[in-house]
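These are the residues of each chain, in order.
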Amino acid sequence: QVQLVESGGGLVQPGGSLRLSCAASGSIFRLSKMGWYRQAPGKQRDLVATITNGGRTTYTDSVKGRFTISRDNAKNTVYLQMSSLRPEDTADYYCNMEAYTGAFFSQDYWGQGTQVTVSS
């Protein structure tokens, strides 16, 4: 099994910054695509950003220029640096990783979620 543990959420004022981290542990052969999603109260879970093994990134339009996704393969960790935060960024943030537990078998895993609240 693979476990993802997130950290870094909290309360921040509009315009502020936060850095989320998500570390994977367990029976990992290798990690592939990583991503961050968010879910606001009463809404569906939406994709925020992704990063491939090679470092190629994608972002949803509303966070482009404000958020940066990165990864440290040696630490099995993905990060989300969030800047210029807005009240509409308030949500529970979830990390997602495609993990290979063998040479040919992969599965998607999710973190437990970390709450981000942007408010004055």
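Computed from a predicted model, the values in this text were never measured in an experiment.

Draft legend 1. Representation of unusual backbone geometry within the structure. Even without being glycine, Asn 76 reaches a positive phi, approximately 50 degrees. Relative to the assigned elements, Asn 76 resides in the loop between β7 (67-72) and β8 (77-82). Classification of Asn 76 as partly exposed rests on a relative accessible area of 24%.

Draft legend 2. Summary view of the sheet that holds β7. Overall, antiparallel pairing links the 4 strands, which are arranged β1-β3-β8-β7 in an open sheet. Strand pairing shows two members of the sheet lacking a second neighbour, β1 (2-7) and β7, which therefore form its edges. Here the strands of the sheet are splayed against their neighbours by 15 degrees on average, with no regard to which way each runs.

Draft legend 3. Expanded view of the pattern of salt bridges. Counting across every chain of the model gives 3 salt bridges. Among the salt bridges present, the one from Lys 64 reaches Asp 61, with a minimum N-O distance of 3.0 Å. Looking at Lys 64, the relative accessible area reads 48%, which means it is partly exposed. Ionic pairing is found between Arg 66 and Asp 89, a salt bridge with its closest N-O pair at 2.8 Å. Of this pair, Arg 66 sits in the loop between β6 (57-59) and β7 while Asp 89 sits in the loop between β8 and β9 (91-100); the two residues are 23 residues apart in sequence, bridging distant segments of the chain. The exposure class of Arg 66 is buried, given its relative accessible area of 8%.

Definitions and cut-offs
Residues numbered from 1 in each chain as written. Predicted model: local features only at pLDDT ≥ 70, side-chain atom pairs only at ≥ 80, totals over all residues. Heavy atoms only, no water. Helix = DSSP H or I, 4+ residues; strand = E, 2+ residues; numbered from the N terminus. Buried < 20%, exposed > 50% of the residue type's maximum accessible area, 1.4 Å probe, protein only. Pairing = 2+ DSSP bridges. Axes fitted to C-alpha atoms, helices over the stretch in contact; angles between N-to-C directions. Salt bridge = Lys/Arg side-chain N within 4 Å of Asp/Glu carboxyl O.

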